[in-house]
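# Chains, contacts and geometry: an overview
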Amino acid sequence: MNFKTLEFNLFMRRKMKEDLKIKIISNEMWKSLVDYLEVVASTNKEIRTIYNRIGQDEDNLYYDLGDESYQSVKITPEGYEIINTPPSIFQRTDLDKPQIYPIERHDFDYWGTLSKFFNLRTEEELQLLGIWLICSFISGISKPLLLFSGAFASGKSTACSILQDIISPVIVRRSSFPRRVDDLVVRLTNACLCSFDNCDKISTEASNMMCQSITEGSYEKRKLYTDREVVALPLKSMIIMNSCESILEKPDILSRTLQFNLQQISADNLRGDISITQEFQTYKPYILDFI
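This report concerns the structure included in the present document. This one's a predicted model, so the numbers in the text were calculated from it and none came from an experiment.

Conventions adopted
Residues numbered from 1 in each chain as written. Predicted model: local features only at pLDDT ≥ 70, side-chain atom pairs only at ≥ 80, totals over all residues. Heavy atoms only, no water. Pairing = 2+ DSSP bridges. Helix = DSSP H or I, 4+ residues; strand = E, 2+ residues; numbered from the N terminus. Axes fitted to C-alpha atoms, helices over the stretch in contact; angles between N-to-C directions. Left-handed = near helix turned anticlockwise from the far one by under 90°. Contact = heavy atoms within 4.5 Å. Nonpolar A, V, L, I, M, F, W, Y, C, P; charged D, E, K, R; others polar. Phe/Tyr/Trp six-rings, centres within 6.5 Å; stacked < 30°, edge-to-face > 60°. Buried < 20%, exposed > 50% of the residue type's maximum accessible area, 1.4 Å probe, protein only. Lys NZ or Arg CZ within 6 Å of the ring centre and 35° of its normal. Patch = residues over 30% accessible without salt bridge, like charges linked within 9 Å, V, L, I, M, F, W, Y side chains within 5 Å. Areas by Shrake-Rupley, 256 points an atom, 1.4 Å probe, with all protein chains shown as cover. Salt bridge = Lys/Arg side-chain N within 4 Å of Asp/Glu carboxyl O. Arc of directions from axis to C-beta.

Turning next to the pairing of strand β4 (residues 79-84). Here strand β3 (residues 71-76) pairs with β4 via 6 bridges, running antiparallel. Each residue of the ladder has a partner; that of S72, found in β4, is I83. Remark: 2 residues form the turn of the hairpin made by β3 and β4, two consecutive strands paired antiparallel.

We now examine the packing of helix α5 (residues 156-167) against helix α9 (residues 273-290). Relative orientation of the contacting elements α5 and α9 amounts to 35°, with a least axis distance of 10 Å. Relative to α9, α5 is oriented so that their crossing is right-handed. Between α5 and α9, the contacting residues are T158, I162, D165 and I166 on the first element and D273, I276, F280, Q281, K284, I287 and L288 on the second. Within the contact of α5 with α9, the residues separate by chemical class into 6 nonpolar, 2 polar and 3 charged.

Before going further, it helps to spend a moment on the pairing of strand β1 (residues 54-57). Across 4 bridges, the pairing between β1 and strand β2 (residues 60-64) is antiparallel. Its bridge partner lying in β2, Q56 is registered against L61. If you look at the hairpin formed by β1 and β2, you'll find 2 residues sitting between the two strands, and E58 has a positive phi there, around 55°.

On to the environment of L126. Note on placement: L126 falls in helix α4 (residues 123-135). The spatial distance from the C-alpha of L126 to the C-alpha of W111 is 7.5 Å, given a sequence separation of 15 residues. Excluding anything up to four places from it in sequence, L126 contacts W111, L114, S115 and L120.

What follows covers the packing of aromatic side chains. Both the distance between ring centres and the angle between the ring planes are used here to describe each pair of aromatic rings. Evaluation of the coordinates by the stated rule reveals 9 aromatic pairs. Plain terms: the ring middles of F8 and W30 are 6.3 Å apart, the flat faces sit at 45° to each other, and that makes the pair tilted. Separated by 22 residues along the polypeptide, F8 in helix α1 (residues 6-19) and W30 in helix α2 (residues 27-42) bring together distant segments of the chain. Judged on exposure class, the residue F8 and its partner W30 are both buried. What links up through ring pairs into an aromatic cluster is the set Y110, W111 and F290. Lying over the aromatic face of W30, R13 brings its terminal NZ or CZ to 4.8 Å of the ring centre. Across the ring face of Y286, the terminal group of R105 is positioned such that the distance to the ring centre comes to 5.0 Å.

Turning our attention to a nonpolar patch on the surface. On the surface, M1, F11 and Y70 cluster together into a nonpolar patch covering about 290 Å² of accessible area. Structurally, F11 can be placed in helix α1. For F11, a relative accessible area of 31% corresponds to the partly exposed category.

With that settled, the discussion passes to the side chain of S195. Within the element layout of this structure, S195 appears in strand β6 (residues 193-196). Residue classification places S195 among the buried positions, given a relative accessible area of 4%. With sequence-adjacent residues up to four places away left out, S195 is seen in contact with C160, Q164, S175, R187 and I240.

Strand pairing in a sheet takes place through backbone hydrogen bonds and is either antiparallel or parallel in direction. In spatial order, the strands read β6-β9-β5-β10; together these 4 strands make up an open sheet with parallel pairing. Two strands lie at the open edges of the sheet, namely β6 and β10 (257-262), each paired on one side alone. Each neighbouring strand pair of the sheet contributes to a mean axis angle of 15°, computed without reference to strand direction. Both β6 and strand β9 (residues 238-243) contribute to a ladder of 4 bridges, which runs parallel. The partner of S195 across the bridge, within β9, is I240. In the packing of helix α6 (residues 181-190) onto the sheet, contacts are made with β6 and β9, and the angle to β6 comes to roughly 135°.

Within α6, burial applies to V181, L184, V185, L188 and T189. Taken down its axis, α6 places every buried residue within 130° of arc, on the same side.

On to the pattern of salt bridges. Applying the stated rule across the entire model yields 9 salt bridges. Note that D183 is salt-bridged to R180, the shortest N-O span being 3.1 Å. Residue D183 is classed as partly exposed on the basis of its relative accessible area, which comes to 36%. Residue classification places R180 among the partly exposed positions, given a relative accessible area of 48%. One connected set of salt bridges, linked through shared partners, spans R180, D182 and D183.

Rendered as structure tokens:
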């Protein structure tokens, strides 16, 4: 946990109350405690990579289930198992939701299930999306930006919401593209997957930030306006977007993008978002098992 967050504050005060029977601590004592813990932490020279939701160590992949018991899926070449999460591998955000447990089903039709929920034009597009989804659970490799475009009622927003729910469930299912680059950097730094709904034209600076995130680069800035200390923020989030028009123009971001142009769904086949989401939940544990 970050020492300077409310999450750490509440965690420590709760532990002090439960284990040490200390109900109240002054702000001055609290500041002294945090300063001391920072000194203790700084004496440990071991550097670890901290992940959100999907991580790795050596030959194993880990998927944080996000539950209160801190369990994860450990994925090896031989298969997967549910384990207690290894220490110092994951960091969660306030937006993260717990993921359901995978359920094994040997006769599950992965590709047929995807075709039920994604309004794609061709079999090739279905295979491309299905492979991207599997690769999204592999840490340490670049994943292209996914862009769903098309007319109204073509299933763009629903596609983004379903992918978000499979890979990294969050409290806010759909959010708009940040107007300020600093806000975009915060999202790309902390989230496993960023999903942006109904996007407009993207600025050059924002486009560059997303390119950096796709290739797991970093964004450097001064820590404070009053000093010369520079901090490097790692940009490592996957990105999915949807829009009614073409919003990406720069060659560098286009070369890192998979774009799916969805066709409008006929009135006879049109379904409500809630109905689709409820049906999808019955398939999700089997999708996770297959992945």
